[in-house]
Amino acid sequence: MKLPSIWGTALAALVLSGCAAHDPDHDHHGHSHNHSHEAEEYEAAAEEPGIIVLDDAQAAALGLTFEQATAGPFASVIRTGGSIEAAPGDRSTVTATVSGIVSFGGRPLTEGTPVVQGSTLLVLGSSGFVEGNYPQQLADARAELEKAEADYARAEALSGSRVVSGAELDAARLAVDVARRRVALLSENATRGGKKIIVPMEGYVTSLSVNEGDYVTAGQPLATISANRNLVLRADLPQRYWSETEGIRTANFTTPYDGRTYDLTELNGRRIGLGRAAAEGEPTLPVRFEFENRNRLMAGTAVEIFLKGAVREDALTVPLTALTEEQGVHYLYLRLSPGHYRKVPVRLGLSDGARTEVLSGLSPGDSIVASGAYFVRLAGLSSAIPHGHTH
């Protein structure tokens, strides 16, 4: 059997180090052997059928970890898909307060761009427009304020001689107040040639609805900002599991870009919503959980979800890292004694993305390789290579 180069390299290292570990006084010139009593026992154990030898020094160097199989609580699991969404109250839609041409001010602005509360997101320019000319509107408002103030001053001066009635003086005072409020409104975030659109909260741009140079009208959505402090996990539950929905309390989810599995209980997650009816044309029901974003996860990510329901107390489970698979059959590696292992086939049950239930092939109290099973598998392949020396 011809092995890939990476396997060949690893096997060679295991065979050579195994030779050195098992035969420290080996003389390749004279073929003289001087083994200790312990080494003889070690070699004798290695001759047993199905035994894989990988001494403890090698195991430690390769990062192997071990776990004793113990029956314990394990939740029933429904495996499905879904996505990460922004949490309610944790995002804000930015809309155009005036009509104008979009300008990013010479800086890049894309989805994912971090923004600071109170800073300028973009500018809407309307200088030169026949209608909706914001700078001209502001100039007109200031001129109206000047006129209103002059009219009020004149009316106040004439009110003492009763030329201007009290009602006329009140009307002039009201005109000044209205003009001042209009100027204040138009002056807010005004810039030369247009108006600045201000970031309402610190976070990230999660959606951008406009491009540089686009024309927008007042009230049109421009972008969505998310603080990204809390997120929502939306699970799309197939309708056939409807009867089990009330028992769902938490979930694990796995991100596609790094294969990492997250446990909502470790992220202070809680169920916040359960769809009572499927949307028209949709075969799934939405189940939502809110959780703290401690790992810089981004809204919009599609994830694999493991919904966890009723808990059984006597399940025998192993971490996913303990398993290897060959032609559809899954295997564990039992640690029989220091340096000695046996490969055993197992039948698996449910998985929550981090651990998998073992239905047969494993007994409570068995010591298994919890991580690094791949290296034990390589050692098993190396032991299948006929021993001998060529010079």
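Residue numbers here run from 1 along each chain, matching the order of that chain's written sequence. Totals for whole chains, interfaces and linings use every residue, but because this is a predicted model, local features are given only for residues with pLDDT of at least 70 and side-chain atom pairs only at 80 or more, for both listing and counting. Remark: hydrogens and water are excluded; side-chain values derive from all non-hydrogen atoms of the structure.

**Observations regarding unusual backbone geometry**
Inference 1: Positioned with a positive phi, Arg 296 is a non-glycine residue whose angle comes to about 55°.
Inference 2: What counts as a helix is a DSSP run of H or I of at least four residues, what counts as a strand is a run of E of at least two, and both are numbered from the N terminus. Within the secondary structure layout, Arg 296 lies in the loop between strand E17 (284-292) and strand E18 (302-319).
Inference 3: The phi dihedral of Gln 327 falls on the positive side, at around 50°, and the residue is not glycine.
Inference 4: Examined against the element boundaries, Gln 327 turns out to sit in the loop between strand E19 (324-326) and strand E20 (329-337).
Inference 5: Judged by relative accessible area, Gln 327 falls into the exposed class, the value being 83%. Buried means the residue's accessible area, taken with a 1.4 Å probe over protein chains only, is under 20% of the maximum for its type, while exposed means over 50%, and partly exposed covers the values in between.

**Regarding helix H4 (residues 134-159)**
Inference 1: Each helix should span, by expectation, one fewer than its residue count multiplied by 1.5 Å. Relative to the 38 Å expected for 26 residues at 1.5 Å per residue, H4 spans 37 Å between its end C-alpha atoms, a close match to the ideal helical length.
Inference 2: Every buried residue of H4 is listed here: Tyr 134, Leu 138, Ala 141, Leu 145, Ala 148, Tyr 152 and Ala 155.
Inference 3: Contacts: residue pairs with any heavy atoms within 4.5 Å of one another. Tucked into the core, H4 has its buried residues touching helix H5 (166-187), strand E8 (190-191) and strand E9 (194-198).

**Side note on the sheet that holds strand E6 (residues 114-115)**
Inference 1: Here a strand pair is declared whenever DSSP counts at least two bridges between the two strands. Strand order across the open sheet formed by 4 strands is E4-E12-E10-E6, with antiparallel pairing between neighbours. In this open sheet, the two strands that pair with only one neighbour each are strand E4 (91-95) and E6.
Inference 2: Here 2 bridges tie E6 to strand E10 (residues 203-208), and the two strands are oriented antiparallel to one another. Note on E10: the bridge partner recorded for Val 115 is Gly 203.

**Thoughts on the packing of H4 against H5**
Inference 1: Lines are fitted to the C-alpha atoms to define the axes, a helix being fitted only along its stretch in contact, and any angle between axes, read from their N-to-C directions, falls within 0 to 180 degrees. Packing of H4 against H5 leaves a shortest axis separation of 8 Å and a crossing angle of 155°. Our classification of the angle between H4 and H5 gives roughly antiparallel. Crossing geometry of H4 relative to H5 is assigned as left-handed.
Inference 2: For this scheme, ten residues count as nonpolar: Ala, Val, Leu, Ile, Met, Phe, Trp, Tyr, Cys and Pro. Four count as charged, namely Asp, Glu, Lys and Arg, and the remainder, Gly too, count as polar. Residues of the contact of H4 with H5, tallied by class, amount to 15 nonpolar, 3 polar and 7 charged. Any angle that is under 35 degrees is reported as roughly parallel, and any over 145 degrees as roughly antiparallel; angles of 65 to 115 degrees are reported as roughly perpendicular and all others as oblique. Handedness of a crossing follows from how the near helix is turned relative to the far one, being left-handed for an anticlockwise turn of less than a right angle and right-handed for a clockwise one.

**Details of the sheet that holds E9**
Inference 1: The 5 strands are arranged E8-E9-E7-E5-E11 in an open sheet whose pairing can be described as antiparallel. Every interior strand has two partners, whereas the edge strands, E8 and strand E11 (215-216), have only one.
Inference 2: One ladder, built from 3 bridges, connects strand E5 (residues 100-103) with strand E7 (residues 120-125); its direction is antiparallel. Within E7, the position partnered with Ile 101 by the bridge is Gly 125.

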